[in-house]
Amino acid sequence: MILEALKNYYDRKSDAEDGSMPKEGWIRRGVDYVVVLDADGNCLNIELAGRVEKGKIIPREMLVPAIGKQALKHTNSGNDANLLWDNASFVFGTGKKGELKIASFLSTLRNWLGEIQDEGVAAIERFCSKVQGEPEILAGLLERYQLKEEFEKRDPILVFRLISDLEAIHARKTVRDAYEQKRLENHSKASLRGTCLITGQEDTPLAPNETVIKGVWGGQPSGCNIVSFNARAFESYGKRNRNGENAPISITASFAYTTALNHLLSTERQRVQVGDASTVFWAEQPHDLETLTADLFGEPPKDEPDCGTDALRALYRSVESGQFATGDADTRFHVLGLAPNTARISIRFWETAPAYELARRLKRHFDDLKIVRAPNDPEHLSLFRLLTSIAVQGKADNIPPNLGGDIMRAILEDLPYPATLLNAAVQRCRAEHKVTYPRAAALKAWLNREIRRTNRNASEPEKEFEVMLDTGNPSPAYRLGRLFATLEKIQEEASPGLNATIRDRYYGAASSTPVAVFTTLLRLKNHHLGKLPRGRAVQMEKLIGEIMDGLTDFPRILALPDQGRFALGYYHQRRSFFTKHDDQPTEI
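These numbers come from a predicted model, not from an experiment.

Considering the sheet that holds strand β3 (residues 43-48)
Backbone-to-backbone hydrogen bonds pair the strands of a sheet. The strands run either parallel or antiparallel.
And step 1. Taken together, four strands build an open sheet; the order of strands is β3-β2-β8-β7 and the sheet is mixed. With partners counted over all chains shown, the strands left at the sheet margins are β3 and β7 (85-87), one partner each. Averaged over neighbouring strand pairs, the angle between their axes works out to 30° when direction is ignored.
And step 2. The pairing of β7 with strand β8 (residues 157-162) spans three bridges and is classified as antiparallel. From the neighbouring strand, N87 faces β8, where its bridge partner is I157.
And step 3. Against the sheet, helix α4 (residues 119-133) touches β2 (33-37), β3 and β8, its axis set at about 125° to β8.

Focus on helix α20 (residues 534-548)
And step 1. Counted at 1.5 Å a residue, the expected span for α20 with its 15 residues is 21 Å, and the 21 Å between its end C-alpha atoms agrees.
And step 2. Residues of α20 that are buried: A537, M540, L543, I544 and I547. In an axial view of α20, the angular spread of the buried residues amounts to 125°, which keeps them on one side of the axis. In α20, those exposed residues whose orientation departs by more than 90 degrees from the buried face are R534, G535 and K542.
And step 3. Immediately downstream of α20, the backbone of G550 shows phi near 100°, a positive value.

Observations concerning unusual backbone geometry
And step 1. The phi angle at K97 is positive, at roughly 60°, despite the residue not being glycine.
And step 2. Within the element layout of this structure, K97 appears in the loop between α2 (88-91) and α3 (98-113).
And step 3. The class for K97 is partly exposed, based on a relative accessible area of 39%.
And step 4. In this model, D203 sits at a positive phi of 45°, which is unusual for a non-glycine residue.
And step 5. Turning to its location among the elements, D203 is positioned in the loop between β9 (193-194) and β10 (204-205).

Quick word on the layout of surface pockets
And step 1. In this structure, the second largest pocket spans a volume of roughly 560 Å³.
And step 2. When contributions to the lining of the second largest pocket are tallied by element, the ones reaching two or more residues are α9 (251-266), β11 (271-274), α10 (289-297), α11 (307-321) and α13 (383-389).
And step 3. With four residues, β11 is the single largest residue contributor to the lining of the second largest pocket.
And step 4. The residue makeup of the lining of the second largest pocket, split by class, is 13 nonpolar, five polar and seven charged.

A look at the environment of L296
And step 1. Looking at where L296 falls in the secondary structure, it is placed in helix α10.
And step 2. Separated by 84 residues in the primary sequence, L296 and H380 have C-alpha atoms spaced 7.8 Å apart.
And step 3. Once residues within four sequence positions are removed from consideration, L296 is found in contact with A311, L312, L315, L362, F366, H380, L381 and S382.

Concerning the packing of aromatic side chains
And step 1. For the structure on display, the rule yields 20 aromatic pairs.
And step 2. Seen in terms of ring centroids, F484 and F566 are 6.0 Å apart; in terms of plane orientation they differ by 50°. Their pairing is tilted. With a gap of 82 residues between them, F484 in helix α17 (residues 476-494) and F566 in helix α21 (residues 560-577) connect regions that are remote in the sequence.
And step 3. For F484, a relative accessible area of 0% translates into the label buried.
And step 4. By relative accessible area, F566 is classed as buried at 0%.

Some details on the nonpolar core
And step 1. Grouped together as the largest cluster of nonpolar side chains are 92 residues, with contacts concentrated most on L315, F484 and F518.
And step 2. Judged by nonpolar contacts, the second largest core, of 39 residues, contains F90, I102, F127 and F151.

Thresholds applied
Residues numbered from 1 in each chain as written. Predicted model: local features only at pLDDT ≥ 70, side-chain atom pairs only at ≥ 80, totals over all residues. Heavy atoms only, no water. Pairing = 2+ DSSP bridges. Helix = DSSP H or I, 4+ residues; strand = E, 2+ residues; numbered from the N terminus. Axes fitted to C-alpha atoms, helices over the stretch in contact; angles between N-to-C directions. Contact = heavy atoms within 4.5 Å. Expected span 1.5 Å × (residues − 1). Buried < 20%, exposed > 50% of the residue type's maximum accessible area, 1.4 Å probe, protein only. Arc of directions from axis to C-beta. 1 Å grid on protein atoms, 1.4 Å probe; cavity = no way out; pocket = protein on both sides within 12 Å on 5 of 7 lines; lining within 4 Å. Points joined across faces, edges and corners; volume = space filled by probe spheres on them. Nonpolar A, V, L, I, M, F, W, Y, C, P; charged D, E, K, R; others polar. Phe/Tyr/Trp six-rings, centres within 6.5 Å; stacked < 30°, edge-to-face > 60°. Core = buried A, V, L, I, M, F, W, Y, C linked by side-chain atoms within 4.5 Å.

Right, dumping it as structure tokens:
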């Protein structure tokens, strides 16, 4: 199902006029240099193809022939050259196995295009033959064009161009036509044939190996595979070392779904990093959600700080009206989460649903997150900010494993959030003695979804938590959080400029073992109230009385969900102290 959806996406995009998807047999690769030749195969220049930014070469993307898996990843054999382009080690025969590599480059050229009469192909063959026979020619070229240090430092990708042409040799019409003809002949002669699992086409040439997938965060830089076999335990029916028969997928379908996935992983507008899960999304037809989703879950760029808020408002409008600016409400929408697993890619989650239903679930997620905030806090909480707020030191590397994928699955399938989210948020609040806006939002979202789940079979349903302070909420843990915030506020007003408040000393104990702390804090508060103006002291005494109304005793210990309620009550009460009478929050 996943591979079929990716292939369908490729078919849709390859028919589009923007040329975002290359045709079968071609691939987009970043090219560093262009070797300029004359008709006799003499090198006249080695031009920079890309651009230089901050001393680093940024390659220029070009469409180049893709004759196999080596288009994205070479093996260690040194015998798998590309056609008409490749790394400098294959084109010039440099480095380890250099002689074998340049021989492979020439052999590939002759096998694929040896029968055509084209001066560009002939020039490449003459040039590479000269370099193969006289390696000192290369040393002179690199010295002349001041590229010796650059080519020793890395292995850049090269293409060729005739001095008389504006386009590369592989883009010449005669070369393209000959290449396409040869490729079709090779398909027709393929010995590995069968029924494609994706298209259902019978007796079709099968792909012996899947093209590697690049761009999965944490995966091997050279690329990984979704479909692969490297041990007998994964093979069946005696198909040893015949990977294409173990998972029969036609060459055409394999190229389509791998190209589509590589495209999605390289496109910022349809890809977002959710913890360790590289998440991509697409629709069966052009749709608003294809661009909105990245803005909703990703961190907004510095030059567009409001893009997340704008996307959130567009989402709410679409759900309320049932219509989208682009696309229908019943268009199927797909979300795929990928995570690395050594040389393979594991499917972390996969969800497909009508666009309107998915938009409704996304809206519910942001409804659950919505909580009172300071003016400098963003209205839109990206998933990245949410996850880093509950990670040690706020670093993405410290986000609990699998948490990002589990949260995304809960959002997409409208399920309760994972317990790991509650645990991580509570632990960060206790460790740092601070309930921040993202943590409070995460706690409110987790608690409300859990309350909805338990209320289905409850005789006395629990009240969900509101966006702002709820003075009528009867939860003892929530009231204790409010009480702790009130006692801290009294201390701050009584002794302005304190380096540390009761929050810094007692938050952890108050939120987990209230009975051990609150009797002491309530006794100390009388000392602080004596320093306040009479009117303010009476006001705070009344507030304490209102909060403690219904609290018969302090619990000996609070379970983890109640520690979340404590933190939420503390946050709500704190924010209410810094809210104007017109209900517009101000900065703390």
